Amino acid sequence: MEKYGLVLEGGGVRGAYTAGALAWLNDQGIVFDYSAGISSGAVYLACYELANKESARNMCLYYATDKENVGVRAFLREGHYVAYEHLINDYLIKKEHLDVEKLRDQKVNMEIGLYDLEKGETVWFGSEYLENKLRLLRAACALPIASAPVEFHGKLYLDGGVTKMIPIERSVEQGCTKHLVITTKPADFVRKPGSPAVKIMMRMFYSDYPKLREDYNVRHLNYYKQMDLIEKLIQEGNAIMIRPTKTVNVSRYKGDSKDLAELYDLGYQDMEDRKEEIFRFMGKNND
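Residues numbered from 1 in each chain as written. Predicted model: local features only at pLDDT ≥ 70, side-chain atom pairs only at ≥ 80, totals over all residues. Heavy atoms only, no water.

Chemist: It is not clear to me how the overall build of the protein chain should be interpreted in this structure. Could you clarify?
Modeler: Check the secondary structure of the protein chain and you find 13 helices and eight strands. In terms of C-alpha radius of gyration, the protein chain reaches 18 Å, essentially the compact-globule figure of 19 Å for 287 residues. The C-alpha extent of the protein chain, read off along each of the three principal axes, is 55 × 40 × 40 Å. Out of the 287 residues in the protein chain, the part that is buried amounts to 54%. A fraction of 72% describes how many contacts in the protein chain between residues 6 or more apart in sequence connect residues 24 or more apart. Accessible surface, the protein chain: about 12900 Å² in total, of which carbon and sulfur atoms supply 49%. In the protein chain, 39 positive and 42 negative side-chain charges are present, and the distance between their average locations comes to 4 Å. (Helix = DSSP H or I, 4+ residues; strand = E, 2+ residues; numbered from the N terminus. Rg over C-alpha atoms; globule rule 2.2 N^0.38 Å. Buried < 20%, exposed > 50% of the residue type's maximum accessible area, 1.4 Å probe, protein only. Contact = heavy atoms within 4.5 Å. Areas by Shrake-Rupley, 256 points an atom, 1.4 Å probe, with all protein chains shown as cover. Lys, Arg positive; Asp, Glu negative; His and termini not counted. Charge placed at Lys NZ, Arg CZ, Asp CG, Glu CD.)

Chemist: How should the nonpolar core be read in this particular structure?
Modeler: Side chains of a nonpolar character, in soluble globular proteins, are inclined to be buried together. Among the nonpolar cores identified, the biggest contains 79 residues, and L6, L25, F32, I112, L114, L137 and I182 are the most heavily contacted of them. Looking at which element gives the most residues to this core, the answer is helix α1 (residues 16–28), with eight residues. For L25, the residues in contact, after removing those within four places along its chain, are L6, I30, F32, Y48, L180, I182 and M271. By size, the runner-up hydrophobic cluster in this structure holds 11 residues, among which are V7, M165, I168 and I230. (Core = buried A, V, L, I, M, F, W, Y, C linked by side-chain atoms within 4.5 Å.)

Chemist: Would you explain the pairing of strand β1 (residues 4–8) in this entry?
Modeler: As a general feature of sheets, a regular strand has side chains that alternate between the two faces. The buried count for β1 comes to five of five residues, which makes it a mostly enclosed element. Here β1 shows no split at all, with Y4, L6 and L8 on one side and G5 and V7 on the other all buried. As paired elements, β1 and strand β7 (residues 178–182) share five bridges and run parallel to each other. If you follow L6 over to β7, its bridge partner there is L180. One ladder, built from four bridges, connects β1 with strand β2 (residues 34–37); its direction is parallel. (Pairing = 2+ DSSP bridges.)

Chemist: What am I meant to see in the pairing of strand β3 (residues 110–116) here?
Modeler: Of all seven residues in β3, seven are buried; the element is thus mostly enclosed. The two faces of β3 match: M110, I112, L114 and D116 on one face and E111, G113 and Y115 on the other face are all buried. Judged from the three bridges that link them, β2 and β3 form a sheet pairing that is parallel. Each bridged residue has a counterpart across the sheet, and for A36 the counterpart in β3 is E111. Here six bridges tie β3 to strand β4 (residues 121–126), and the two strands are oriented antiparallel to one another.

Chemist: It is not clear to me how the packing of aromatic side chains should be interpreted in this structure. Could you clarify?
Modeler: A ring pair, where both rings are aromatic, is described by two values, the distance of the centres and the angle of the planes. Overall, the coordinates contain 12 aromatic pairs when judged by the stated rule. Considering the side-chain rings of Y63 and Y91, the 4.3 Å spacing of their centres and the 5° angle between planes classify their relative orientation as stacked. Within this pair, whereas Y63 is found in helix α3 (residues 53–63), its partner Y91 is found in helix α5 (residues 84–93), the two being separated by 28 residues in sequence. With respect to burial, Y63 and Y91 carry one shared label: buried. Geometrically, the ring pair formed by F205 and Y206 is edge-to-face, given 6.4 Å between the ring centres and 85° between the ring planes. One Lys or Arg, K185, reaches over the ring of F189 and ends 5.5 Å from the middle of that ring. (Phe/Tyr/Trp six-rings, centres within 6.5 Å; stacked < 30°, edge-to-face > 60°. Lys NZ or Arg CZ within 6 Å of the ring centre and 35° of its normal.)

Chemist: What exactly am I supposed to notice about the pattern of salt bridges here?
Modeler: Summed over the entire model, instances satisfying the criterion amount to 15 salt bridges. Note that E9 and K185 form a salt bridge whose closest N and O atoms lie 2.8 Å from each other. Of this pair, E9 sits in the loop between β1 and α1 while K185 sits in the loop between β7 and α9 (196–205); the two residues are 176 residues apart in sequence, bridging distant segments of the chain. Since its relative accessible area comes to 2%, K185 is described here as buried. Two residues, E236 and K232, come together in a salt bridge whose shortest N-O distance is 2.7 Å. Judged by its relative accessible area of 43%, E236 falls in the partly exposed class. Classification of K232 by relative accessible area gives partly exposed; the value is 44%. Taken together, the shared-partner salt bridges in this structure form one network comprising E85, R135 and R138. (Salt bridge = Lys/Arg side-chain N within 4 Å of Asp/Glu carboxyl O.)

See the structure below:
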């Protein structure tokens, strides 16, 4: 029998595209045998598994664009470029009351990738680690430089996208034979090596973690390895990749509500435009 995996890239604010695509999956009642999320993709994955489209939409259209969350105000609030604690605690917990413990209790077969600073590698946490303080999701979003490492179960973690930007390898390792991959970059996207300024900051902030610095320096190479694997699986008929069909003026950290609404709607529409292909791939009837 086929085993279907859902694979979600991160992308920060660009995750609005992912949220729109997942809303379409919720509307169609499509579920997977396994799912993996990285960075913002982990947050939207939890919302998808909860069939909570509204919280995902609020997160990407309103909360992520709050001026308190990025830049000077975030630095004054939390000492970093992005105020993730504010984003998680004041919005997802206090406003949305996101109850991820339901996924733990239901033993949903999902995983979230975190970069383990001690081990110097991306490790995976299943739904049994989800709790309503959302520390797992908070750690998943802890981008290097933009955020402090997050302590979780006695260890320090950063965003698993340091090495696994698109967790296709994990889906294969978990025995999935078919993969639906949602990425946040259009086809003409070029991932470049880190700039000299970023490399200097990595040396300054993470002097005790040489493996992290090494992994970050080859991040662009890992991205293309993952893309090559996806393309191979597509050619074999074992994967579908959903990606933005046009460029919307949204960066990793910033975008206004109008542009983010356009990106969210694009994610939904791109899925709808490929509805017949997706249903055939999933072995479902398109009634």
